[in-house]
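The residues making up each chain are set out below.
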Amino acid sequence: MHISELETPAVAIDVDILERNLATMAAYVQEHGFGLRPHTKTHKIEAIARMQLRHGSMGLTVAKSEEAVVMAHAGCTDILVAYPVYGPAKWERLAHLARDRRITVAVDSLLPAEGLAGEAVRAGSTIGLLVEFDVGMHRCGVPNAEAALALAQQITRLPGVEMRGLMYYPGHIWDRPEAQAPALAHVEAQLAAVLDALRRAGISAPIVSGGSTPTARNSHLVQGTTEIRPGTYVFNDRNTLGVGACAPEDIAVRVLATVVSASVPGRAIIDSGSKTLTTDRWISGNDQGFGSIDGYPDVAVVGLSEEHGHLDVSRSANTPRAGERVAVVPNHVCPCINLHDRVYFHSQGEVLGSWEVDARGRIR
Ligand SMILES: Cc1ncc(COP(=O)(O)O)c(C=O)c1O
């Protein structure tokens, strides 16, 4: 079957581009001698997780404890939960997983460290902890070296857990790759202060986990990093393209849609709205539109209802007709995939199969 025969809306993944993206990132980390632990929140698919492990990833990253269960089921034996884990059910879930695989969790306060420690002792397992350090995103993470050291010292006194190092997330850096050096130098300086404080206190930090897709291939500019966690790089999207971290031919994902109305001049409507594409913005571009359409550079996705994508075709010389199928590059692929039960993978347009989005909705 050709992708043009798939019922729409449908997510189509070009498996050749996907494989190339995995190989390129694997080659980059190998060249610079650090580890790759991709963030699987982008795809949430066991088969792709296994492809990443085959492509030399040392383990996988997840955000949520339920995602860790899915990735353990996929066969991963070394999982980082890069998210503060609050609540006994989650601590128990992870302590249980840690019985026969390596589980590491990032924390920025004592409470989840104590919770995880208690459950690990009960389960007879050991959970590794990373102190999350805020390098500029201002989301999670302790704010300075003193706080990082204080938390690391408290962790070393807990039973059931093991202080394994630091985590940072340079998710605030959206400069083009060739202009990222100053921002990454600032990250490096902050990190050096934390590593220095730990060293003076005799606390070892064998893991220093960083990375994002926009900065991925500049990760070597942050000295001290031992592994990176890019996620979006598997598929890329309009935001990755906009920041210049990929080329158009590196985008492996399309949302296939059908024009369901073209009755008004200047306007067309597709069968993909916010429940298909998400309302995430084009943060690396001019913030206009909810995706781009292959072959129609002057057609803008100007609005989304739940099930309708509103196209402004007034500036385009050629306009899609009712019934025509179009391929949309989503602004932000990660939440988009999470809206779909299943995605289809193809090689040169020939559908090879489909993957269930295994961790879809695993948000606990
Ligand atoms: C903590 C953390 N690490 C890594 C990533 C992966 O970054 P990217 O989506 O740029 O690949 C994310 C993405 O949200 C994240 O939140």
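Please read all numbers here as calculations on a predicted model, not as lab measurements. (Residues numbered from 1 in each chain as written. Predicted model: local features only at pLDDT ≥ 70, side-chain atom pairs only at ≥ 80, totals over all residues. Heavy atoms only, no water.)

Draft legend 1. Quick look at the overall build of the protein chain. Regarding its fold elements, the protein chain presents ten helices and 17 strands. Taking 364 residues into account, the globule formula puts the C-alpha radius of gyration at 21 Å, and the protein chain, at 22 Å, falls close to it. Per-residue burial for the protein chain yields a buried fraction of 56% across its 364 residues. Residue pairs at least 24 apart in sequence account for 68% of intrachain contacts in the protein chain once pairs closer than 6 positions are excluded. Here the protein chain has roughly 15200 Å² of accessible surface; of this, 50% comes from carbon and sulfur atoms. With 33 positive and 40 negative side-chain charges, the protein chain shows a spacing of 4 Å between the two charge centroids. (Helix = DSSP H or I, 4+ residues; strand = E, 2+ residues; numbered from the N terminus. Rg over C-alpha atoms; globule rule 2.2 N^0.38 Å. Buried < 20%, exposed > 50% of the residue type's maximum accessible area, 1.4 Å probe, protein only. Contact = heavy atoms within 4.5 Å. Areas by Shrake-Rupley, 256 points an atom, 1.4 Å probe, with all protein chains shown as cover. Lys, Arg positive; Asp, Glu negative; His and termini not counted. Charge placed at Lys NZ, Arg CZ, Asp CG, Glu CD.)

Draft legend 2. Local environment of the packing of helix H1 (residues 15-32) against helix H2 (residues 46-54). Where H1 contacts H2, the two axes come as close as 10 Å, and the packing angle between them is 40°. For the element pair H1 / H2, the angle class is oblique. Where H1 crosses over H2, the two elements pack in a sense that is right-handed. Where H1 approaches H2, its residues Val15, Leu18, Glu19 and Leu22 are matched on the opposing element by Ile48, Met51 and Gln52. Considered class by class, the residues forming the contact of H1 with H2 number five nonpolar, one polar and one charged. (Axes fitted to C-alpha atoms, helices over the stretch in contact; angles between N-to-C directions. Parallel < 35°, antiparallel > 145°, perpendicular 65-115°, else oblique. Left-handed = near helix turned anticlockwise from the far one by under 90°. Nonpolar A, V, L, I, M, F, W, Y, C, P; charged D, E, K, R; others polar.)

Draft legend 3. A look at the side chain of Glu46. By secondary structure assignment, the location of Glu46 is in helix H2. Overall, Glu46 belongs to the buried group, its relative accessible area being 10%. Engagement of the side chain of Glu46 in a polar contact is seen with the side chain of His73, the distance being 2.9 Å. Those residues in contact with Glu46 that lie beyond four places of it in its chain are Val70, His73, Ala74 and Asp358. (Polar contact = N/O pair within 3.5 Å; in protein donor to acceptor, adjacent residues only side chain to side chain.)

Draft legend 4. Fine view of the nonpolar core. In terms of nonpolar packing, the biggest core is built from 55 residues, with Leu94, Val105 and Ile127 touching the most fellow members. Of the residues forming this core, the biggest block, seven residues, is contributed by helix H7 (residues 181-200). With sequence-adjacent residues up to four places away left out, Val105 is seen in contact with Leu80, Val81, Tyr83, Val85, Leu94, Leu116, Ile127, Gly128, Leu129 and Leu130. (Core = buried A, V, L, I, M, F, W, Y, C linked by side-chain atoms within 4.5 Å.)

Draft legend 5. Structural detail: unusual backbone geometry. Here the residue pair Thr8 and Pro9 is connected by a cis peptide bond, since its omega of -5° sits within 30 degrees of zero. Inspection of the secondary structure assignment puts Pro9 in the segment before strand E1 (10-14). The phi dihedral of Asp287 is positive, around 65°, even though this residue is not glycine. Note that Asp287 resides in the loop between helix H9 (274-277) and strand E12 (292-293). Phi is positive for Gln348, close to 50°, though the residue is something other than glycine. Positionally, Gln348 belongs in the loop between strand E16 (342-347) and strand E17 (350-356). Here Gln348 falls in the exposed class, since its relative accessible area comes to 71%.

Draft legend 6. Looking closely at the domain arrangement of the protein chain. If you check the domain split of the protein chain, you get domain 1 (3-9 + 245-356) and domain 2 (15-233). Of note, the centres of domain 1 and domain 2, computed from C-alpha atoms alone, are 32 Å apart. Listed by partner, the interface residues are 20 residues for domain 1 and 20 residues for domain 2. Summing both sides of the interface, domain 1 and domain 2 together bury roughly 1400 Å²; the carbon and sulfur share of this comes to 64%. (Domains from an automatic or database assignment. Buried area = accessible area lost by both parts, 1.4 Å probe.)

Draft legend 7. How the structure looks around the site of the ligand. Around the ligand lies a shell of 13 residues, among which Lys41, Arg139, Thr213, Gly231 and Thr232 are the nearest. In this structure, an oxygen atom belonging to the ligand sits 2.9 Å away from a side-chain N or O atom of Lys41. Arg139 has a polar side-chain atom sitting 2.9 Å from an oxygen atom of the ligand. Burial of the ligand by the protein amounts to 89% of the accessible area it has alone, namely 390 Å². When its residues are assigned to classes, the shell around the ligand shows five nonpolar, five polar and three charged. (Near = heavy atom within 4 Å.)

Draft legend 8. View of the sheet that holds strand E7 (residues 161-167). Spatially, E2-E9-E8-E7-E6-E5-E4-E3 is the arrangement adopted by the eight strands of the open sheet, whose pairing is parallel. Edge positions in the sheet fall to strand E2 (35-36) and strand E3 (60-62), since each of these pairs with one other strand and no more. Alignment of strand E4 (residues 78-81) against strand E5 (residues 102-107), held across four bridges, turns out to be parallel. The partner of Leu80 across the bridge, within E5, is Thr104. (Pairing = 2+ DSSP bridges.)

Draft legend 9. Examining the packing of aromatic side chains more closely. Under the counting rule described, the total for this entry stands at two aromatic pairs. With a centroid separation of 5.8 Å and 65° between ring planes, the pair formed by Tyr28 and Phe34 is classed as edge-to-face. In this structure, Tyr28 and Phe34 share a single accessibility class: buried. Measuring from ring centre to ring centre gives 4.0 Å for Phe345 and Trp355, while their planes differ by 15°; the resulting arrangement is stacked. In this pair, Phe345 is assigned in strand E16 and Trp355 in strand E17, connecting sequence segments ten residues apart. Like Trp355, Phe345 is buried. (Phe/Tyr/Trp six-rings, centres within 6.5 Å; stacked < 30°, edge-to-face > 60°.)

Draft legend 10. Broad picture of the pairing of strand E13 (residues 300-304). Examined bridge by bridge, E13 and strand E14 (residues 309-312) share four bridges and lie antiparallel to one another. Looking across to E14, one finds that Ala300 is bridged to Asp312. Hairpin geometry of E13 and E14 is characterised by an intervening segment of four residues between the two adjacent antiparallel strands.

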